[in-house]
Amino acid sequence: MALPLYDSQPARRVPWVTYLLVAANVVVFLITPMSNFATWYGEGHVRECRTAHFTFEYGAVPKELTTGDQKPLPPDVVDECGPADFGKAPWTSAFSSMFLHSGALHLLSNLVALFVVGMGVEDRLGRWRYLLSYLFFGLVAVYGYAFTSPGSTVPLVGASGAIAGVMGAYVILNPRGRVVSWVPPVIVMRLPVWVVLGYWFVLQWLSLGDDESNVAYVAHIYGFVAGVGFAILARRAGPARRIAALSRG
């Protein structure tokens, strides 16, 4: 498996939005009970229960998103940790869940991927369009997952759906690009982007039937497809705007 390290094509502008997204994800993680840094949540069983309550409060629960109503905590969580006193508008969790991560490794893997592909996509879309598209990809991934599993009460957290959308956009916006990747055990090489990201997408698809995994592969697929579709429209809109500007001139 090839691990992408960085995009070999230099950006024409400083990718401030990508840096901001990376920083926001890190800061949010450090102040959540999932981080060992946040000692104010307590230790042991107390911390585990606060983590569970926090995840249900800010994570995206499919059954809540598809019905639009907050649901009671699952009986096993109540038996283990007691009830939680919080009010929740389910649609807001579709946004907040994008900035939550279950652990440091989960965070690191997502941010490496974002850093590799985000700069190139931001460079081609522009800062504001890139930021809005990132959030859009994340929403498509979250709601796609929710409507695929409408009865699930397991919270979805992580930026991987939005980042998958950025990956899909990168393939279309920079199809001839190359990504410097580490191929275990010790080989570093420049691989075509369609090889690295295409392999990643196929791996997500083949993993859909893995019932023992806690990874929301279907959310990754929804995000990636949304990114591909958005980038195709963006590429078509670019020449159309240039033609219109010439005709007005």
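Structure's up top.
Residues numbered from 1 in each chain as written. Predicted model: local features only at pLDDT ≥ 70, side-chain atom pairs only at ≥ 80, totals over all residues. Heavy atoms only, no water.

## So, the pattern of salt bridges
In the structure shown here, the tally under the stated rule is four salt bridges. Its salt-bridge partner being E122, residue R127 comes within 3.8 Å of it at the nearest N-O pair. A residue is classified by how much of its surface remains accessible, and R127, at 31% relative accessible area, is partly exposed. One continuous salt-bridge network, built from bridges that share partners, spans R13, D123 and R124. (Salt bridge = Lys/Arg side-chain N within 4 Å of Asp/Glu carboxyl O. Buried < 20%, exposed > 50% of the residue type's maximum accessible area, 1.4 Å probe, protein only.)

## Here we look at the packing of aromatic side chains
In the structure shown here, the tally under the stated rule is ten aromatic pairs. Aromatic side chains W91 and F95 sit 6.3 Å apart centroid to centroid with 90° between the ring planes, which places their arrangement in the edge-to-face category. Separated by four residues within a single helix, W91 and F95 lie in helix α5 (residues 90-96), roughly one turn from each other. Note on W91: relative accessible area 54%, which makes it exposed. Residue class for F95 comes out partly exposed when judged on its relative accessible area of 32%. Clustering of aromatic rings is evident, with ring pairs tying together F37, W40 and Y41. (Phe/Tyr/Trp six-rings, centres within 6.5 Å; stacked < 30°, edge-to-face > 60°. Helix = DSSP H or I, 4+ residues; strand = E, 2+ residues; numbered from the N terminus.)

## Let's talk about helix α9 (residues 193-206)
Compared with the 20 Å implied by 1.5 Å per residue over 14 residues, the 20 Å span of α9 between its first and last C-alpha is a close match. Of all the residues in α9, the buried ones are V193, V196, L197, W200 and Q204. Burial along α9 is one-sided: seen end-on, the buried residues are contained in an arc of 90°. Those residues of α9 that are exposed and angled more than 90 degrees off the buried face are W194, W205 and L206. (Expected span 1.5 Å × (residues − 1). Arc of directions from axis to C-beta.)

## Quick notes on a negative patch on the surface
A cluster of like negative charges, contributed by E48, D76, D79 and E80, occupies part of the molecular surface. Considering each element in turn, the negative patch owes the most residues, three residues, to helix α4 (residues 75-81). (Patch = residues over 30% accessible without salt bridge, like charges linked within 9 Å, V, L, I, M, F, W, Y side chains within 5 Å. Areas by Shrake-Rupley, 256 points an atom, 1.4 Å probe, with all protein chains shown as cover. Lys, Arg positive; Asp, Glu negative; His and termini not counted. Charge placed at Lys NZ, Arg CZ, Asp CG, Glu CD.)

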